[in-house]
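# Coordinate analysis (summary)
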Amino acid sequence: MTGARTDALIVGAGAAGSLYAARLAAAGKSVLVLEAGPAWKNEDLVSSLIWARRLRWGGPPVASGGDNPLGVGFNTGWGLGGAALHHYGTWPRLMPSDFTMKSDHGQGLDWPIGYDDLRPFYDRVQEEVGISGDADEEVWRPAGAAYPLPPLEQFAQARLVSAGFEKLGMKTAPSPMAILSRPYKGRDACIYDGWCDAGCPIGALANPLVTYQAAARKAGARFVTGTYVTRLIQGSNKGEVAGVEYIDGDGAAQRAEADVVILAASTIGNPAILLNSTGEGWDGGAANSSGLVGRYVMGHSIAAVYGFFDDVETQNYLGVSGAQRTNQDHYDKTSLGGGAFGSLQWQIGPATKPNDLLGVAMAKANLFGEDLTRFMDRAVHHMAVMFGFGEGLPVRENRVELTDAKGPGGTKLARVVHGFPAPSMKLWEKASELGVRVMDAAGAADPWSGPPASAHLMGGTIMGSDSETSVTDSYGRCHDVANLFVAGPGLFPTGGAMNPNFTNHAVSLRGVEHLIGNWPK
Amino acid sequence: MPSASRPASDRRTVLAGGAAGLLLFTLGGCDKLMTAREAREQGADFRNLTAQETRTLEAFGEVLVPGATEAGIAHFVDANLVRPHADCLLTIRYLDVPPPYGAFYAAGLKALDDLARASAGKGFADLDGAGAADLVRPMLAGQMSGWNGPPAPLLYLAVRSDAADLVYGTPDAFERLGLPYVAHIEPPTTW
């Protein structure tokens, strides 16, 4: 049992849920956070990519299909901190053009707000959390306050690959990282061990345990782990939610009631809960008069590009898992031509350990036996890496939906169906070609690119101007249910080519402050 | 922190051991926490895999990543197949194969064995190096005539990554490769 009715009930203790909890508790609201997974602590974050698999979704299975299935198992989180516990801390802002895709190009969607609406929230979040970077060097960066911390230290592979960009007349700059280059607000600085994917136990990387969750607990918010929310409870009418049903740690069905419910249970979890919540006037699920709950799910394509520098120790095992430097010369959505559409962002020089999905051994997955042994001996010392993140065009057909398979509490399990539209695949092809040219220009031996891959989960509960074309308003309030909010990258109508967590924080801060100032009666 | 020979008395101990690179094995009727390599060396019992599956998995892992057999790939996979999905350390949880994973490995290894018998008249583990490599080479592309099992690319990637974890992903392996492990929190024992 979770005790008495609260002012606010938050489902999910990831980045968005933790930020909401911190602000609501600080505003004097009683806050209960229900989290399906375990109560991780910093000391649980052992430096091992094998161990790190336990930080990924460990609840009821989610199927993934379509022409380009999204990596649900790799991109999701499980337990306190959610996916942000193992995220890489690469925190670029979206560009102004990302908010006006439909107006500018007649494709995809527009946001109901513009960059200028989010700018002050980006600025405040970066000051609270601490971002390391060089705003002047990022010539593409939209207007905003300078970063509070200087860039992270750079290692050999980033310098080597950046030289290739420069030879082709392109520019690079330090990546903006939510990782501390110096001690900041009681947290230690990064030691560049490259284990970000396994979680950062010293708190140099801005995971929720050391940022907003710590603040939320201090302000009185209560976190209960091992509680799997199954559905919403309808209030006195279809426009009101009374609370949630959940399965507790002992497997018993429970209820929790609150004045306001905030779904922050991930891009997949939020629509799954909404679609599983039926009742009078909720025939297609809660907050779904538009029929858009679960629709417009998006990811980023990844063009993985590699090369060897045999005369140099590339130090590819050092640094951070995200990136050391960035290039955004092809952020304009039509700049690559040839039928490609969407923005492109390069992340240069991520720390690459020998094993795991993004590790050295997977850089040439076709190799095995002695060929692999020889490749590994060479690559762990001399390989350089960069990833091109390509925008996935938002299309209605990409979706989270319910299957007939039964889950906890009589719910139906979710499935994600995703395919990159042809212009997005063309973007990936063009990015791969460009990346190999960059490596070649850098003097790399045997440059190559990998097969299509994807990262990041966005959309599915998109914000918009009205209840016919979107699920929520720009603050995350559901059009159909006045005291029900959605938080997280699921709100994004477009995802640009930028890692989503900085924008997730900015949107969440804007949403929660509006909620506090406009508390539902 | 539990030592390699300390009996595992409860789930908390097992989880702590997992974080350290230790897994729960049965040896001489007693449960013990050991690395996969130690479990193989000491002949620990298998809890999920059959003898035939074990032979095939060791042979398959060795073809993919030399050193996998000695590193204990069969014991590593076997021990993880009996853990709850949320505690499983296998790469397969990244590949969006629905748990439980035992059926996937069993069906995949059987398909590999059946294909070897159909094409060469003997099980996969009895093929010579060249014959095994010929069978494995088209797996990633899914170009497997006569394959009757889960998607061959998924099986290839899963077992190859399991093997790479043990051969390349441990502090010992880093040392062999000449890489500093530079851990925040060092796994207290090697895998």
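Residues numbered from 1 in each chain as written. Chains lettered and ligands numbered in written order. Predicted model: local features only at pLDDT ≥ 70, side-chain atom pairs only at ≥ 80, totals over all residues. Heavy atoms only, no water.

### Describing the overall build of chain A
- Helix and strand content of chain A: 10 helices and 17 strands.
- Rg of the C-alpha trace for chain A: 22 Å, near the compact-globule value of 24 Å for 521 residues, within the 12% margin.
- Its C-alpha atoms put chain A at 70 × 50 × 50 Å along the principal axes.
- Taking all 521 residues of chain A together, 67% fall into the buried category.
- At a minimum sequence separation of 6, the contacts of chain A that also span at least 24 residues come to 74%.
- Surface accessibility of chain A: about 16,500 Å² in total, with carbon and sulfur atoms responsible for 49%.
- Looking at charge distribution, chain A has the averaged site of its 42 positive side-chain charges lying 3 Å from that of its 52 negative ones. (Helix = DSSP H or I, 4+ residues; strand = E, 2+ residues; numbered from the N terminus. Rg over C-alpha atoms; globule rule 2.2 N^0.38 Å. Buried < 20%, exposed > 50% of the residue type's maximum accessible area, 1.4 Å probe, protein only. Contact = heavy atoms within 4.5 Å. Areas by Shrake-Rupley, 256 points an atom, 1.4 Å probe, with all protein chains shown as cover. Lys, Arg positive; Asp, Glu negative; His and termini not counted. Charge placed at Lys NZ, Arg CZ, Asp CG, Glu CD.)

### Observations concerning the sheet that holds strand β14 (residues 412–417) of chain A
All names here are of chain A.
- Here 3 strands make up an open sheet; going across it, the order is β3-β14-β13 and the pairing mixed. If you trace the sheet from one side to the other, it starts and ends with β3 (63–65) and β13 (399–406), each paired once. Taken pair by pair, the neighbouring strands of this sheet meet at an average axis angle of 30°, ignoring direction.
- Relative to β14, β13 runs antiparallel, the two sharing 5 bridges. By the bridge assignment for β14, Val400 is matched with Val416.
- Its contacts with the sheet put helix α7 (residues 266–276) on β13 and β14, and the angle it makes with β13 is roughly 60°. (Pairing = 2+ DSSP bridges. Axes fitted to C-alpha atoms, helices over the stretch in contact; angles between N-to-C directions.)

### A closer look at the interface of chain A and chain B
- In this complex, chain A contributes 51 residues to the contact, which on the side of chain B involves 45 residues.
- Carbon and sulfur atoms supply 64% of the area buried between chain A and chain B, which totals about 3,900 Å² over both sides.
- Three residues, A:Arg53, A:Arg54 and A:Phe368, lead the burial of chain A against chain B; their summed loss comes to 20% of the area buried on that side.
- Between chain A and chain B we count 1 salt bridge in total.
- Summed over the shared surface of chain A and chain B, the number is 26 residue pairs in polar contact (both at pLDDT 80 or more).
- No other element matches helix α8 (residues 370–382) of chain A, which puts 7 residues into the side of chain A that touches chain B. (Buried area = accessible area lost by both parts, 1.4 Å probe. Salt bridge = Lys/Arg side-chain N within 4 Å of Asp/Glu carboxyl O. Polar contact = N/O pair within 3.5 Å; in protein donor to acceptor, adjacent residues only side chain to side chain.)

### Considering the nonpolar core
- Residues A:Phe375, A:Met383, B:Phe60, B:Tyr105, B:Phe124 and B:Met139 are the most contacted members of the largest nonpolar core, which totals 101 residues.
- The dominant element in this core, judged by the number of residues it contributes, is helix α8 (residues 152–168) of chain B, at 11 residues.
- Those residues in contact with B:Phe60, other than ones at most four positions away along the chain, are B:Leu109, B:Leu112, B:Phe124, B:Val136, B:Met139, B:Leu155, B:Tyr156 and B:Val159. (Core = buried A, V, L, I, M, F, W, Y, C linked by side-chain atoms within 4.5 Å.)

### Observations regarding the packing of helix α6 (residues 102–120) of chain B against α8(B)
All names here are of chain B.
- Following both chains from N to C, one finds α6 and α8 inclined at 110°, their axes separated by 10 Å at the closest point. One element, α6, and the other, α8, form an angle in the roughly perpendicular class. Residues Phe104, Tyr105, Gly108 and Leu109 of α6 touch α8, and the partners they reach there are Leu154, Leu155, Ala158, Val159 and Asp162.
- By residue class, the composition of the contact of α6 with α8 is 7 nonpolar, 1 polar and 1 charged. (Parallel < 35°, antiparallel > 145°, perpendicular 65-115°, else oblique. Nonpolar A, V, L, I, M, F, W, Y, C, P; charged D, E, K, R; others polar.)

### As for the pattern of salt bridges
All names here are of chain A.
- This structure, assessed with the given rule, holds 29 salt bridges over all chains.
- As a salt-bridge pair, Lys185 and Glu127 come within 3.2 Å of each other at their nearest N and O atoms. Pair noted here: Lys185 is in the loop between β4 (173–174) and α6 (212–218) and Glu127 is in helix α4 (residues 115–129), with a separation of 58 residues, a long-range link.
- Take Lys185: its relative accessible area is 52%, and that puts it in the exposed class.
- Of the residues examined, Glu127 reaches a relative accessible area of 41% and is grouped as partly exposed.

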